[in-house]
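Listed below are the residues making up each chain.
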Amino acid sequence: MNNKNTKIRILAIETSCDETAAAVIEEQLDGSRIKSGMTGLRPVILSNIISSQIDLHAQTGGVVPEVASRAHMEAIIPVISQALLLGREVGPADYQEAIEELSGITHIAVTAGPGLIGSLLVGFNAAKTMAYARGLPIIPINHIEGHIYSAFSRELSSADDQFPILALTVSGGHTSLTLMKDHGIYETLGQTLDDAVGEAYDKVAKLLGLGYPGGPAISKLACEFRRLGAGSRESGEETPNFKLQTPNSIVFPRPVMNDGTYNFSFSGLKTSVLQKTKDIVLELNLNSPTEIPDEIKQEIAYAFEEAVAEVLATKTARAVKEFQPKTVVFAGGVSANQYLASQIQLKVESIKSKDKTIQFLTPPRDMTGDNAAMIGLAAYHHIKQGKISNWDEIDVDSNWELT
Ligand code: KG4
Ligand code: ZN
């Protein structure tokens, strides 16, 4: 067992959905932070290994839970070994050396929920086994909490003096607005009532034959429409067999945007897109939505993304007005979308009061999606608060709500 003077060194594991991930986080002394009045100690990411299952799930156009958990089982040992060996490429011959590296680890952190139960269990049991075998304390981390901490992973960026934090976490599995009053003190203001934002992107992309994951593909089309289409298309311009009546003739609904809650709903938006594509297929006499001409797909993607952006920005801005946060965090896989980030930031900044600045933070590009470094960063703060467990005191909770 480690003693109090040992430098904190965390092995973190994340397997909640379709990325098998492991990371090593170490507490280090940072002189520049002392100068700037912060505590001199900070968590530093030594390795952040992610084995993605995207290629596997692209074949089925989405995550099949059973397939995901089997893929986690194959990847978990190599990924943990590579993280322990600080990023070095590994094969079975290196596993013993990786196990020896465990002697420098003081804590194990693991995502315990929310997520796919079969996926969660793979990382969770690997973490528990190591905690048991090495007598190490273990810290179960909520996946959403991890995403929030991913925005504080840069040097000199710390959540310590940023409270209250308002976090909008959007991914393939989650859409939630969370108020974080301090480390470990959360209030979930609202979440999606049906589809998550990323899930809606993925479903619209699948409908249009754009592959999986759909977020980047839809966002690319929307961007092309903004660059080429929205400004330059004349009213009534003809595309092959289809008449675009106005520059932006497609407008989708903004579900539950003004219902007074902080909840979201995206399945109706997805259904509106489906209905629109059916109309276009009929009008152009096509066989399926995948045959819709590219310039119309661009406009559909644009109209979809505009609806998403307005709903996210409006709800976040309302929460900013009510709760006056010092910092707004936009995190999760969908936060890689720079257009959404810019629209939310603009709206948040437009309502801030004159004497207050609001910091708007997104994670670095390589930490927007699921990763284990964010789990280790969250765990670091649990350790600082003495919130650690023994291997036999914790359990997974696939519906774990952050409170
Ligand atoms: O956080 P993440 O890697 O995994 C989950 O916890 O779900 O998020 C993946 C989701 C996918 O739905 C993907 O389509 C979406 O994030 N995504 C995006 C973009 N990049 C990834 N959605 C919109 N725009 C993007 N640029
Ligand atoms: Zn996630």
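Everything that follows concerns the structure shown earlier in this document.
Computed from a predicted model, the values in this text were never measured in an experiment.

(A) Focus on the sheet that holds strand E4 (residues 107–113). Strand order in the open sheet made by the 5 strands is E3-E2-E1-E4-E5, with mixed pairing throughout. Edge positions in the sheet fall to strand E3 (41–52) and strand E5 (138–142), since each has one partner strand and no second. Neighbour-to-neighbour, the strand axes of this sheet turn through a mean angle of 25°, independent of strand direction. In this fold helix H3 (residues 65–84) packs onto strand E1 (9–14), strand E2 (19–29) and E3, with an angle of close to 20° to the strand it touches most, E2. Here helix H5 (residues 117–134) sits on the sheet in contact with E1, E4 and E5, set at roughly 155° to E4.

(B) Representation of the coordination of the zinc ion (ligand 2). The protein atoms that coordinate the zinc ion (ligand 2) are His143 (NE2), His147 (NE2) and Asp370 (OD), at distances spanning 2.1 Å. Taken together, the 4 donor atoms coordinating the zinc ion (ligand 2) span angles of 92 to 155° at the metal, a pattern that classifies the geometry as irregular. Between the donor residues of the zinc ion (ligand 2), the gaps in sequence give the motif H-x3-H-x222-D. Linking His143 in helix H6 (residues 143–149) with Asp370 in the loop between strand E12 (359–361) and helix H12 (373–384), this pair joins segments that are 227 residues apart in sequence. For the pair His143 and Asp370, one class covers both residues: buried.

(C) Spatial organisation of the environment of His147. Looking at where His147 falls in the secondary structure, it is placed in helix H6. Among the residues examined, His147 registers a relative accessible area of 0% and is labelled buried. Distance in space between the C-alpha atoms of His147 and Ala167 is 9.2 Å, their sequence separation being 20 residues. In this structure, His147 is in contact with Thr169, Ala331, Gly332, Gly333, Thr368, Gly369, Asp370 and Met374, ignoring residues within four places of it in sequence.

Here is what the cut-offs are and how they apply
- Residues numbered from 1 in each chain as written.
- Chains lettered and ligands numbered in written order.
- Predicted model: local features only at pLDDT ≥ 70, side-chain atom pairs only at ≥ 80, totals over all residues.
- Heavy atoms only, no water.
- Pairing = 2+ DSSP bridges.
- Helix = DSSP H or I, 4+ residues; strand = E, 2+ residues; numbered from the N terminus.
- Axes fitted to C-alpha atoms, helices over the stretch in contact; angles between N-to-C directions.
- Contact = heavy atoms within 4.5 Å.
- Donors = N, O, S within 2.8 Å, 3.2 Å for Na, K, Ca; no water.
- Tetrahedral: all angles 85-135°; square planar, octahedral: opposite > 155°, others 65-115°.
- Buried < 20%, exposed > 50% of the residue type's maximum accessible area, 1.4 Å probe, protein only.

None of the figures reported here should be taken as evidence of function without further support.
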